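Working through the structure, step by step
Spelled out from the first residue to the last, the chains are:
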Amino acid sequence: MQIQRRHVLSAGAAAAVLGAAGMRPLRAQSGPVRIGLIVPMSGIGAEAGAAWHAGARIAVAQWNEKGGVLKRPIELVVRDDKFTSAGAVAAARELAGSGVNLLIGGAQSPMALATAPLLPELKAAMVAPCPTVMSLTHEGFQKNFFRLSWNAYIAFAGIGTMLTGRFKEVKTWSCIVPDSENGRDMARFFALGVKRAAEKEGRQVMVLPPVFTSLNKADYRVEINSLMNAQSEGLFVGLTAAPCISLLQQGRSVGLDRKFKVIGDAGTELMIAKAMQKSTPANLWSISYWVPGTAAAARNPLSAPLYDAYVKLTHDRLPPSIVNSSHRCALALFHAIEKAQDTGTDAVIAALEGLDFDCATGRYHIRKEDHQGLGEAYVAHVGVRDAAPGFGIVDAIAYNEADVAEPPTPGQPLNV
């Protein structure tokens, strides 16, 4: 990824210093509204963390240009979760201990599962950019936690359905997913989507038992060997960010990209293209949060300003779609504060429930019952293209998450 992390971090630090200096002469009630951002800024998740950081920073800058919230400037307070559950818990406790009660965090499932149960104790509310594990809005529901992204059911049943309908020559699928609750959700719902699409068309399509692996490793040779020996024509990769890229790069040396007629991806999309460039697998389809530069994105007025601000901030013309996920989380908090006319935890929670607001993918709604966010999402064809720099999003299919979402059952496991 080409984002200049040192630039982002140094600018963020400078903004924090200026914010701290600027608040000294102000009374507490008129000082900055402090929003905590908990993302991986080091370790294997740092690339994704830099994208989430950029999205949140842009939202803060856009609103500060309009006067902030409640006529107060917004200050982003960033902490590194180190791409670990323990790191996320430590960061949440530190922020809450310093009086920051409104958090963007739980960016991925392990971090969300670790921090969500602590939020009532910390008297904090959290909006989460990208966790997919189902329990967060079902049996593990916490009133202080909001998921502002697709869940595993919406995302993975969706891409399973789409790929099965589009690639009718694929009779058997392999899956590789994390050895975790989230990974099992991925495999389960991808297989459900494949089954439903095949049955609708009167076809027989098989999904082989998943290959489970760790996100925190660098060598995937054993898993690649298992996939290469499988009697399958399609592959779904449930690893995300750096682990997904490592798997595909290592697999290319033994022909993994040539073995499979289509590869589905759980959301790493342009990060893969940036890392592999013209070696990106030819038929890679990725779940995507945002597809700037496409006709689908052009329908939404907030998409171009987000893209322009990201390019200006990073000098990177191919933003990962997760930039939108953290940007959307920040917008939700700002709108909720304005709606509540208060920054207190309980008031903001009440305002987030049932909130409707505009973001870079159009109108977004947060279900009151289970705090699941619903909007427009995409399955994007990522790969080599004629336009500079020679790779990127080739095509995108939009769908309405509300049309495929499961019914809310807060406090109860999903029964499908």
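Scroll up to find the structure this text is about.
Residues numbered from 1 in each chain as written. Predicted model: local features only at pLDDT ≥ 70, side-chain atom pairs only at ≥ 80, totals over all residues. Heavy atoms only, no water.

Quick word on the environment of Met 111
In this structure, Met 111 sits in helix H4 (residues 109-115). For the pair Met 111 and Leu 227, spaced 116 residues apart in sequence, the C-alpha to C-alpha distance is 28 Å. Among residues more than four places away in sequence, those in contact with Met 111 are Asp 81, Phe 83, Thr 84, Ser 85, Ala 88 and Gly 106. (Helix = DSSP H or I, 4+ residues; strand = E, 2+ residues; numbered from the N terminus. Contact = heavy atoms within 4.5 Å.)

Overview of the sheet that holds strand E2 (residues 74-80)
Pairing in this open sheet of five strands is parallel, and the strands run E2-E1-E3-E4-E5 from one edge to the other. Where the open sheet ends on each side, the last strands, each with one partner, are E2 and strand E5 (145-147). On average, each strand axis in the sheet is inclined to that of its neighbour by 25°, with strand direction left out of account. Pairing between strand E1 (residues 33-39) and strand E3 (residues 102-104): three bridges, direction parallel. (Pairing = 2+ DSSP bridges. Axes fitted to C-alpha atoms, helices over the stretch in contact; angles between N-to-C directions.)

Some points on the packing of helix H2 (residues 46-65) against helix H13 (residues 303-314)
Where H2 contacts H13, the two axes come as close as 10 Å, and the packing angle between them is 110°. The orientation of H2 relative to H13 falls into the category roughly perpendicular. Seen from above, H2 lies across H13 with right-handed handedness. Every residue of H13 that contacts H2 at Ala 54, Arg 57, Ile 58 and Gln 62 is listed here: Pro 305, Leu 306, Ala 309, Tyr 310 and Leu 313. (Parallel < 35°, antiparallel > 145°, perpendicular 65-115°, else oblique. Left-handed = near helix turned anticlockwise from the far one by under 90°.)

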